[in-house]
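Chain by chain, the residues:
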Amino acid sequence: MEVVIASSPVDAGIGCWDLHSGAEQLRYRSCTSTPHGLACVGQRFLASSQLRDSSSSSGSILYWSWSKPQVEVKSFPAEPIHPLVSNSDGMYIIGGGSSGAIYFWEVASGRLLKRWHAHYRAVTCLFLSDDESLLVSGAEDGCIRVWSLFMVFDDIGMEMAKNPYEYSFSEHTLRVTDMVSGYGGCNAIIVSASEDRTCKVWSLSRGKLLRSIDFPSIIEAVALDPGEHVFYAGARDGKIYIASINAETTSSNSYGKHIIGTLSDNSKGVTCLAFSKDGILLVSGSEDGTIRVWDAKTHNIVRIYRLAKGPVNNVLVVRRPLYSNRQTSENSHSSFSRRHAPLLPPPLGKYVNSTDENVDSGAVSVPQTPSSDIMDAPYLSYHVLTKQISELQQQSSAATGMEVDRLNLDCKRSVEIVQKWKEMFAYLHKFCVDELLGNDQTQTQ
Amino acid sequence: MARSKPSSSKKQPKRGVDFKKIKRKIGRKLPPPKNATNTEIKSKAIILPEQSVASERAGLAVSKKGLTLKELLQQTSHHNAKVRRDALTGIRDLVLKYPAELTLHKLAIIEKLRERISDEDKVVRETLYQLLKLVIFPALKKDVPGSLISLMMAYIFNGMTHLATDIRLMAFKFFDLVVQHYPSSFFMYAEKVLQNYEDILRKNHIYLQDRSKLKNALVGLVRCLSLLPCNRRTVDPSYGKNTETQGSLHAYELEVPKEHTDFSSIIKRLEDILPILVNCFQDFIPLVHPMSSLDAQSFDCMLYLLRSIDLSVKFFLYGIDKHQTDFGVTKPTYNEKDMPVWGEIATPVFLRKFLEVFPLNQLHNTSGKDEDKFFILNIEITEIFLHSNEWIFTSAILMERFLEFIENLLSGKIRFNSRSGKALQEKHLTSLLPFIPRLVSLVANTWKSRLLQAFTMAFKDCKPESTLNLAFLSAIEEMLLPSKRQGILLLDASEPEILDHQITWIRELPVLLVRLGDTLSSLSKVILHLLLRLGQYAPMNSSLAWEYDIMQHTLGEFYSMCLDDGSILYGPFMKLPKDCQELSVCCLYYFSSLDSLLLRSLVYCCLCDNLEPSVLFRIIDVLHSAYKIGHLQLVDLISFFVTLVARWKVLPGRLYTHVENAKKISNRETFKAITGAVCSCLRQMGDDALIFQIVQRVILDEIPLNPPIDNLCGMLRLLVILDSRPTKLSEQSIIILSNSISEYLIDAASYIPENGDEVTDSNQISICQYYLVPCFFLFDRSDKLLNLVLDLMGSSIGEDNSSLACNHDTQHTLDLSSRIVAVVSILLYMHQDIKIRRRLSSCKGEITRILQKMRLQSSNEMGNTLEERHKIQFSFDRLKIAAGQLNCWDADELKIISLFE
C-alpha cells in the first residue's frame, strides 16, 4: 500500500493517507518535525527528529510503529538533529546536527557508529545516492559535500586522503534548502536548491556544476522527474516551477531561462515535494497546512489532504507493508495482538562508544524483508555469526583430513594396481620372448 | 644433290636487279634524301615599338620601382646582396599596397623568401625579418596553413645549424617570430628546437662577446618555455567562470580530443638544458663583480637566463603536481617513489649550486640604476627558489638569506630608486605574494611572525586602487580560510599572534571596501566574496566568527550613513553592479546577530529610488532567512518591514492618465509587490497573535506621521493579513486608526468611478478596490471602527473646511462640496458590498447624522455657489435612496428626513 506521510513543525502529528484511495490512516501523535526530519526506516517504522527550543542542548528523535499512534521509542542525541535519512533496508539512520556534524547510527543496536564533522554550519539536508554508497549533505552555509561511505569508515584512508569528502561544492551563497539525486549511483546528477534563489545541477561523476537556474522566488523543495527530463521546484511564492534538464530551451520565457512552466494553485509557499513510485503523482506540502497531489502529466490537482493549521514541512511517499494494516484492525479489539506488535529497536546512542569498541561487541543486524514474519524474527547477533564461522572452519578442517585419508587410500590402491600391471607386463614380455625364441629354435631345428 | 644445282644457276642474274650498285665518286656531295626535314630556321629581330614599363603594366600590381611580384621574387635570389635587399623592400611595398597579392600568392612568396633565412648578408636577413614581422605574418594571421610553417621551419632548422654564428642566432630570431605568431608550432618542433638551443648555449663562451645576439636567442627561449603548461595561480577560478550554456544535460557529448602533446621528449630535453642554463648564468657572475657597472646587454641576458630557469622549474613542478592529482583521489600518495617524477634526479643538484649565488650584491658602487638591476635579478632568483622550495632541501643559512630578502621586500626596506620603480616593485611583489601563505606555514616560528608582520604592514600600506590588492586578498583568503583543495587550515588560528594578524586583515577589509567606492567593482567583488567565505567558513563561536560579527559596525558605512544634519550619505553599495550587491546582501545572512544600526543603514538604501527592485526583494528574502535561523531579532525585522512599507516612496500620479507615466505605474506595482513580500514573510513567522501585537505597535507609531495614501494602504494590509475576526485591535488603536482611516477614505474616494453602472476603466476599478478592500476587512471585523469612522466623516462635513485643511496633507485638501461628494461616493461604494451593507445597516444613527449635515450644508446659502449646492443636493438624493434600500428606516424617521427638505 503506497501511503503519503506528512508532518509539520507545529504539533499536528504525522498524517498518513492512502495515496490512491485517499483514505486517511492512523495519525501518529505528538510530532514537531524539523525540515527533512521525517524518515521511514526500512518500511518498518517511522522516525522523526524533533524541533526543540534552542535552550535545550540535546535533540530528540522519536519512533512510531505503523500500528500505534503513540510515540514508542524516544532517543536523545547529543545535539539537535535536523535532517534525518535512512537507507532503504533500514539498517542505518543518518542524521545531520546543528553544529554541522553528521551522525551515523545502527538501527538494530542503537549504537552511534560514527560522528564526523562535516560542515561549518548546521546541516540542512541529507540524502543517499540510489546505490547507497554516497552520502550528500547540504548545509546552512550553502556548502554541499559528497561523502563516500567507504571512506567515512576508513580511518586510515581518511588520514591519507587530502580531504575526507569526495567533492565540496560551494557555489551556493546561502542555505541549501533541498537536494535530490537522479538515477545512476555515482554517475547521477544532483539538483540542489538554495535560498539564493537558484537551483543548481551537479554531476557526481565529474564533480562539477552543470547548470545554474535562477528562479523568481526562493525554492524550498525540488523533485526530479523519473525520466530526468525536468525537475519540479516548489517555491516560496506558492508555485511549483518546472525546469528543464534535458530539453533545449532557446528563448527565455516569462519566468526565466530553462523554466518551462508552473503548477500553480494560488496557495501559500510550497515547502516539500515528493514523487510517487509510479512517477506520475507529485505530492506537495504547503505552508497553509495542506498536502496536494498533482498529476504531473496533466498538471491538475488530484487530491488535497489537510494536515494542520500550521505549515507542512515533510512529505514522503512510502510503501507501507500490508500486515500492519491487518494488525491495526486486530489491535483495536484484541489485547492479544498487542503482545505481537513488532518490537522497535532500542533508542539511539548519544556518543560514539570507543571503550567497548572491541571485536566482540560489533553486532550485525540482518535486514528483514517486510513480508517475512517480523514479529518473531530476532536479530542475528555477531556472536551467532562468529559461532557459525568457527563451526564452518572446524568442519572444513575435518573434511580436509578425511579427504587426505581418502586420497592416501587412493594412492595406495593405485600403487598396488601399478604393481599388478607391472607384473603382468613382465609376465607377458617373458611369454612373448619365450614364444619367439621357441619359434626360432623350432625353425632352425 | 642433283636438284640443287640448276636452282643456283638461275638465281645469279637476279641479284643485280635487287641491289643496284651505285657508284659514287669520292669528293662529290650527296644529294639530300627525299624525306629529309628542313631544319633551317629563319628569324627576324623583334622590334618592340615602345619599351616603357609603366604603360604596359598598367593593370598589374607593381612595386615602387615598377617591378611585378614575379620579378621581385626572382630577384631575391640574385647574386648581388644589394639587389636581394632591394627586392625584399620591393615586396614589402607591393604587399602593403596590394594586400590581395599576398593572400593569392602566399605559398609562392613564402617558398621564395624562406631561402633567404640563411642568407650570408646580414642586412638582407634583417630586411627579411622586418618584412615577415611587420607585413607578412600580421596579414596572414587569420589563415594559418600548417604547410606554410613547415615550409619555413625546414629552412630555419637549416639556419640553426649553419656554421656562421650570425646566421645561427638569426635563425633563432626567426623561430621566435614564428612562435610569436603561431604558438602551437612550438610543440610541433619542440624537441628539435630545444636541441638547437642546447647546442648554442653550450658554446656560449663564443657568443659572450656578442651579447645582443645571445639575448635575442634567449628571448626566443623564454617565449617558448612560457608556452609550457605550469600551475597558474589565479585568484579564484570558481566564481569567475560561468557554467557553459549547454542545452540538454543528458545529451550525448561529442568527445573532442584535446590537443595533447607528448611532453616526455620535452622533459628530457629540458633536463639537459637546465644545467647548461645554470652554467651559462654562472659564467656571467664573474663579469658582475669586478666591473663597476653592469651593462644593459649582459643584464638582459642574465634576466632571460633566470626566466628560462624559472619557467623550466615551473614546468617540472606542473608535471609532479599533475601526477599527484591524477592519482591523488584513487591512489594515496604512498607509492610516490614508483612514479616517474619529471626531472627529479638531475635538477636539484644544479639548482642548489645555483641558488648559492644569492644574493647578488654590489657593495662598493651603488649607483641607482645598478641597484635596481641587481634587485630585479634577486627577485627572479627568489622566485625560482620559492618555486623549487617544495622539492629541494635547502640549507638553513640560505633559507635565512631568502627570508630576509622577502621580509625586506615586503616591508619596503628595499626600494627601487628609479622613477618607474614603483610600478616595477608592485609587479614583482605580485609575483611573490602567492607564495607567502605556504612559506609562512612552513617556516619556523620566529620567521613566521616576522613575515606576517611585514605582510600585514604591506597590506595596510597598500593603496586601494593598487593592483597589488588582488594578490594580497588571495593570499589572505588562503591564510584565513581552509583551502579549497586541501580542506584544512594553513595557519593555526589558536596562536594569539597569528590571530592578531588575521583580525587586522579582517578589520581592514570593510575599510578597503568603503575606500574603494565604485571605482574598481571587480576588486570589490573579490573582497565581498572573501567576506562571504569568511562568514560561511568561520567556525562557530570562534574568535574569527566574533570578528566577523564586529565587522558589521564598519560595514554600515558601506550601505549608507545618516549624517548629523539628517541627510543620508549613500555608500558604495548603491553604485556597485548587481552581482556585487547580491553578494553583499548574502553576507548579511551570516552575521550571528544583525545589528539594528546596520539594519537602519540598510533601510535607507532600500528606500532609495535608485535601488533595483530585485535587490530589494533579495534583501527582504535574506533578512527573513536570517531571522529564521535566529540571526535577527523579531522586533528588529518587523520594524524594518514596517518602515519599508511606511516610507517607501510611491511616485505620485494617476495610473490611468498618461502612457508616458509607465515608470510610475511600475513603481506602484513594485510597491504592491513589496507589500506582498512583506505580508508573506510576516505570515510565515509563526505565532500570528504575537506578531500582530508588535506590528500594531510599530504601525501606530508610524500613522500619526500622515503617510501618503499608498503607504497607509500598505500598512492597513499588513494589519488585515495578521488580524482575525473579531478584531484583535485594542481600543486605543481603533481610535487612532479611525482618525486616519476617515481621511484615507476621503482621499481614496477620488479613485471611485463616477458612475458604478457604467463600464469604466478596469484599471481604475482595480485600484479603487486595492485601496478600499483593507478598510472593508477592518470594518467587517470591528463595528466600533466603522461607527467611529462614519462619525468622523459626518463631523468633517459639518465643520468648516479651513480648520481641517491645516492638519491635512495640502495636496489632498478638498473643499467642502467635493468632500461631501467623496463621503457620499464612499458610502455608496460600501453600500454595494454585501457584507459591508449588513454592517452599515447597524449604524443608521451615523448615516442619519451625515444626511442631516448634508441637508444643512445644502440649505446653507452662504459660501456655496449654485453649482456646489446642486452637487450636494444630487449627492443627498443618491444617499437617501441608498439609505432607503438599507431598509433600516421606518416611516417616521423617513418623514423626519423629508421634513428637512
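Here the structure is a predicted model, which is why all the values come from computation and not from measurement.

### Here we look at the overall build of chain B
- On a plain count of helices and strands, chain B comes out with 39 helices and 2 strands.
- Counting every position in chain B, which comprises 901 residues, the buried fraction comes to 49%.
- Intrachain contacts of chain B at a sequence separation of at least 6 include 74% that bridge at least 24 residues.

### Here we look at the sheet that holds strand β20 (residues 230-235) of chain A
Residue and element names in this part refer to chain A.
- Ordered in space as β19-β20-β21-β22, the 4 strands form an open sheet in which the pairing is antiparallel. Whereas interior strands pair on both sides, the edge strands pair on one side only; in this sheet they are β19 (219-224) and β22 (259-264). Strand-to-strand twist in this sheet, taken as the mean axis angle between neighbours without regard to direction, amounts to 25°.

### Observations regarding the sheet that holds strand β24 (residues 281-286) of chain A
Residue and element names in this part refer to chain A.
- The strand order across the open sheet formed by 4 strands is β23-β24-β25-β26, and the pairing between neighbours is antiparallel. If you trace the sheet from one side to the other, it starts and ends with β23 (270-275) and β26 (300-306), each paired once. Between one strand and the next, the sheet's axes are offset by a mean angle of 20°, whatever the strand orientation.
- Across 5 bridges, β23 lies against β24 in antiparallel orientation. Paired with L273 across the two strands is S284, which belongs to β24.

### Looking at the UniProt feature "domain: TEX10-like TPR repeats" (unreviewed entry) in chain B
- As recorded in UniProt, the feature "domain: TEX10-like TPR repeats" (unreviewed entry) lies at residues 504-644 of chain B.
- Within residues 504-644 of chain B, the helical portion is 69% and the strand portion 4%, while the C-alpha atoms at the span's ends are 35 Å from each other.

### Remarks on the environment of F641(B)
Residues and elements named next belong to chain B.
- By secondary structure assignment, the location of F641 is in helix α27 (residues 634-647).
- For the pair F641 and V695, spaced 54 residues apart in sequence, the C-alpha to C-alpha distance is 9.2 Å.
- Residues contacting F641, with those up to four places away along its chain left out, are I620, V678, C681, L682 and M685.

### Some points on the packing of helix α30 (residues 709-722) of chain B against helix α31 (residues 731-748) of chain B
All names here are of chain B.
- Contact geometry of α30 with α31 gives a least axis separation of 11 Å together with a crossing angle of 125°. Between α30 and α31, the angle is such that the two are oblique. For the pair α30 and α31, the sense of crossing is left-handed. Residue-level contacts link I709, L712, C713, L716 and L719 of α30 to L737, S740, I741, Y744, D747 and A748 of α31.
- Split by residue class, the contact of α30 with α31 holds 9 nonpolar, 1 polar and 1 charged.

### Concerning the pattern of salt bridges
Residues and elements named next belong to chain B.
- Taken as a whole, this structure holds 24 salt bridges over all chains when the rule is applied.
- E407 is the salt-bridge partner of R450, the closest N and O atoms lying 2.8 Å from each other. Taken together, the residues R450 in helix α19 (residues 445-461) and E407 in helix α16 (residues 396-411) connect sequence positions 43 residues apart.
- R450 gets classed as partly exposed once you look at its relative accessible area, which sits at 37%.

### A word on α27(B)
Residues and elements named next belong to chain B.
- Taking 1.5 Å of rise per residue, 14 residues should cover 20 Å, and α27 covers 20 Å from first to last C-alpha, within 8% of that figure.
- Among the 14 residues in α27, 11 count as buried, and that is most of the element.
- Burial in α27 covers these residues: L634, D636, L637, I638, F640, F641, V642, T643, L644, V645 and A646.

### With respect to the UniProt feature "repeat: WD" (unreviewed entry) in chain A
- Those places that UniProt annotates as "repeat: WD" (unreviewed entry) correspond, in this numbering, to residues 116-149, 190-212 and 263-304 of chain A.
- Annotated as 0% helix and 60% strand, the span residues 263-304 of chain A places its first and last C-alpha atoms 14 Å apart.

### Structural notes on the packing of aromatic side chains
All names here are of chain B.
- Inspection of the entire model under this criterion finds 27 aromatic pairs over all chains.
- Between Y548 and F591, the aromatic rings sit 4.8 Å apart at their centres with planes inclined by 20°, giving stacked as the arrangement. With a gap of 43 residues between them, Y548 in helix α23 (residues 543-559) and F591 in the loop between α24 (578-588) and α25 (596-607) connect regions that are remote in the sequence. For the pair formed by Y548 and F591, the shared burial category is buried.

### Digging into the packing of helix α6 (residues 122-140) of chain B against helix α8 (residues 165-181) of chain B
Residues and elements named next belong to chain B.
- One way to put it is that α6 packs onto α8 with a least axis distance of 11 Å and a crossing angle of 0°. Classified by the angle their axes make, α6 and α8 are roughly parallel. Of the residues in α8, those in contact with K122, R125, E126, L128, Y129, L132, K133, F137 and P138 of α6 are D166, I167, M170, K173, F174, L177, V178 and H181.
- Considered class by class, the residues forming the contact of α6 with α8 number 10 nonpolar, 1 polar and 6 charged.

### A look at the environment of L513(B)
- Examined against the element boundaries, L513(B) turns out to sit in helix α21 (residues 496-516).
- Beyond its immediate chain neighbours, meaning those up to four positions away, L513(B) contacts S524(B), I527(B), L528(B), L531(B), L555(B), F558(B) and P572(B).

### Quick notes on a nonpolar patch on the surface
- A surface patch of nonpolar side chains, about 350 Å² in accessible area, is lined by I417(A), W421(A) and M424(A).
- As for its placement among the helices and strands, M424(A) is situated in helix α5 (residues 382-444).

### Brief notes about the domain arrangement of chain A
- Domain annotation of chain A identifies domain 1 (2-319) and domain 2 (382-431).
- Using only C-alpha atoms to locate each centre, domain 1 of chain A and domain 2 of chain A end up separated by 62 Å.

### Overview of the side chain of S118(B)
- Examined against the element boundaries, S118(B) turns out to sit in the loop between α5 (99-113) and α6.
- Other than its neighbours up to four places away in sequence, S118(B) contacts G159(B), H162(B) and I167(B).

### Describing the pairing of β26(A)
Residues and elements named next belong to chain A.
- Here 6 bridges tie strand β25 (residues 290-295) to β26, and the two strands are oriented antiparallel to one another. Considered in β26, the bridge of I291 is made with Y305.
- Counted along the chain from β25 to the antiparallel partner β26, the turn is 4 residues long, and its residue H299 has a positive phi close to 65°.

### Regarding the confidence of the model for chain B
All names here are of chain B.
- Averaged over chain B, the pLDDT score is 74; the fraction of residues at 70 or greater is 74%.
- Confidence over residues 233-244 falls short of pLDDT 50; this stretch has 20 contacts with residues more than four positions distant or in other chains.
- Across residues 326-346, where pLDDT falls below 50, the model places 20 contacts with residues more than four positions away in sequence or in other chains.
- The ipTM value of the predicted complex is 0.74, and its pTM value is 0.74.

### Thoughts on the pairing of β24(A)
All names here are of chain A.
- Most of β24 sits out of view: 6 of its 6 residues are buried.
- What you see with β24 is no split at all: L281, V283 and G285 on one side and L282, S284 and S286 on the other are buried throughout.
- Hairpin connection from β23 to β24: 5 residues lie between these consecutive antiparallel strands, with G279 at a positive phi of about 75°.
- Pairing of β24 with β25, which is carried by 5 bridges, proceeds in the antiparallel orientation. Across the sheet, V283 pairs through a bridge with V293, a residue of β25.
- With antiparallel pairing between neighbouring strands as the criterion, β24 and β25 make up a hairpin whose turn holds 3 residues, including G289 at a positive phi of roughly 85°.

### Remarks on the confidence of the model for chain A
Residues and elements named next belong to chain A.
- Mean pLDDT for chain A: 81, with 85% of residues reaching 70 or above.
- Predicted confidence for residues 324-341 stays below pLDDT 50, and this span has 17 contacts to residues more than four positions away or in other chains.
- When the criterion is pLDDT under 50, residues 367-377 qualifies, and its contacts beyond four places in sequence or with other chains add up to 15 contacts.

Rules used throughout
Residues numbered from 1 in each chain as written. Chains lettered and ligands numbered in written order. Predicted model: local features only at pLDDT ≥ 70, side-chain atom pairs only at ≥ 80, totals over all residues. Heavy atoms only, no water. Helix = DSSP H or I, 4+ residues; strand = E, 2+ residues; numbered from the N terminus. Buried < 20%, exposed > 50% of the residue type's maximum accessible area, 1.4 Å probe, protein only. Contact = heavy atoms within 4.5 Å. Pairing = 2+ DSSP bridges. Axes fitted to C-alpha atoms, helices over the stretch in contact; angles between N-to-C directions. UniProt positions renumbered as here; feature names shortened; annotations may be inferred. Parallel < 35°, antiparallel > 145°, perpendicular 65-115°, else oblique. Left-handed = near helix turned anticlockwise from the far one by under 90°. Nonpolar A, V, L, I, M, F, W, Y, C, P; charged D, E, K, R; others polar. Salt bridge = Lys/Arg side-chain N within 4 Å of Asp/Glu carboxyl O. Expected span 1.5 Å × (residues − 1). Phe/Tyr/Trp six-rings, centres within 6.5 Å; stacked < 30°, edge-to-face > 60°. Patch = residues over 30% accessible without salt bridge, like charges linked within 9 Å, V, L, I, M, F, W, Y side chains within 5 Å. Areas by Shrake-Rupley, 256 points an atom, 1.4 Å probe, with all protein chains shown as cover. Domains from an automatic or database assignment. pLDDT = per-residue confidence, 0-100.

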